[in-house]
Amino acid sequence: IFKVIKQIANSKSTVLIMGESGTGKELVSRAIHYNGNRRNFPFVTINCAAIPETLIESELFGYEKGAFTNAVERKVGRFELAHEGTLFLDEIGELSLVTQAKILRFLEEKEFTRVGGSKTIKVDVRLICATNKDLTRLIRNGTFREDLFYRINVVPIVLPPLRDRKEDIPLLIDHFIKKYS
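Treat the numbers as computed from the prediction; the structure is a model and nothing was measured.

Draft legend 1. Quick look at the packing of aromatic side chains. Under the defined criterion, the tally for this structure stands at ten aromatic pairs. Geometrically, the ring pair formed by Tyr 34 and Phe 43 is tilted, given 6.0 Å between the ring centres and 40 degrees between the ring planes. Assessed through its relative accessible area of 13%, Phe 43 is described here as buried. The interplanar angle of 55 degrees and the centroid separation of 6.4 Å between the aromatic rings of Phe 106 and Phe 112 together place this pair among those described as tilted. A network of ring pairs unites the aromatic residues Phe 61, Phe 79, Phe 106 and Phe 112 as a single cluster.

Draft legend 2. Representation of the side chain of Lys 25 within the structure. Position of Lys 25 relative to the elements: it lies in helix H2 (residues 25-34). Among buried Asp, Glu, Lys and Arg side chains, Lys 25 stands out as unpaired, with Glu 91 the closest opposite charge at 4.4 Å. Within the structure, Lys 25 has its side chain in polar contact with the backbone oxygen of Gly 19 (distance 3.0 Å). Not counting residues up to four positions away in its chain, the partners in contact with Lys 25 are Ile 17, Met 18, Gly 19, Glu 20, Phe 88, Glu 91, Ala 130, Thr 131, Asn 132 and Leu 159.

Draft legend 3. Representation of the sheet that holds strand S1 (residues 15-19). Strand order in the open sheet formed by five strands is S2-S5-S8-S1-S9, and the pairing between neighbours is parallel. A strand with exactly one partner marks an edge of an open sheet, and here the two such strands are strand S2 (43-47) and strand S9 (155-159). Direction aside, neighbouring strands of the sheet carry axes that sit 15 degrees apart on average. The pairing of S2 with strand S5 (residues 86-90) spans five bridges and is parallel. Among the inter-strand pairings, Val 44 is bridged to a residue of S5, identified as Leu 87.

About the cut-offs
Residues numbered from 1 in each chain as written. Predicted model: local features only at pLDDT ≥ 70, side-chain atom pairs only at ≥ 80, totals over all residues. Heavy atoms only, no water. Phe/Tyr/Trp six-rings, centres within 6.5 Å; stacked < 30°, edge-to-face > 60°. Buried < 20%, exposed > 50% of the residue type's maximum accessible area, 1.4 Å probe, protein only. Helix = DSSP H or I, 4+ residues; strand = E, 2+ residues; numbered from the N terminus. Lys, Arg positive; Asp, Glu negative; His and termini not counted. Salt bridge = Lys/Arg side-chain N within 4 Å of Asp/Glu carboxyl O. Polar contact = N/O pair within 3.5 Å; in protein donor to acceptor, adjacent residues only side chain to side chain. Contact = heavy atoms within 4.5 Å. Pairing = 2+ DSSP bridges. Axes fitted to C-alpha atoms, helices over the stretch in contact; angles between N-to-C directions.

Rendered as structure tokens:
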């Protein structure tokens, strides 16, 4: 995993990090970002499972004043905030098919429109996605888009659970002793 991180840190390739909860998917995404040529630009993260479906589009793409009730001013979305940096979409398997289609369009065109807007916004963002779900099973069930899967799975990284990598326990113990002492 360390070798893959080093090899792809400067790449623009989309990365899909898969593994159980607690395996360090966000840490790997940060390692990719901060070891690459985008390290001086924003690292923006969003937990897709924590945002209600009715709000996820405006969180990702932003919205214009008046786009909906209580939209009293323009809001910049996460894609725009991550310009020239990295956007980490945690738990991408939780997104609806509608939102998946919008992310797919962004990956194809590198542009989007804010909710309620008409202006196309182009940004340079490296996308790193993570999931604890079996996306191939979700594709078979019709709840995850196969075309999006192939767009985000350019560089797959599978993180094994700690129970399968006991040799990492001493490293973790040393890290937490230093951190909390």
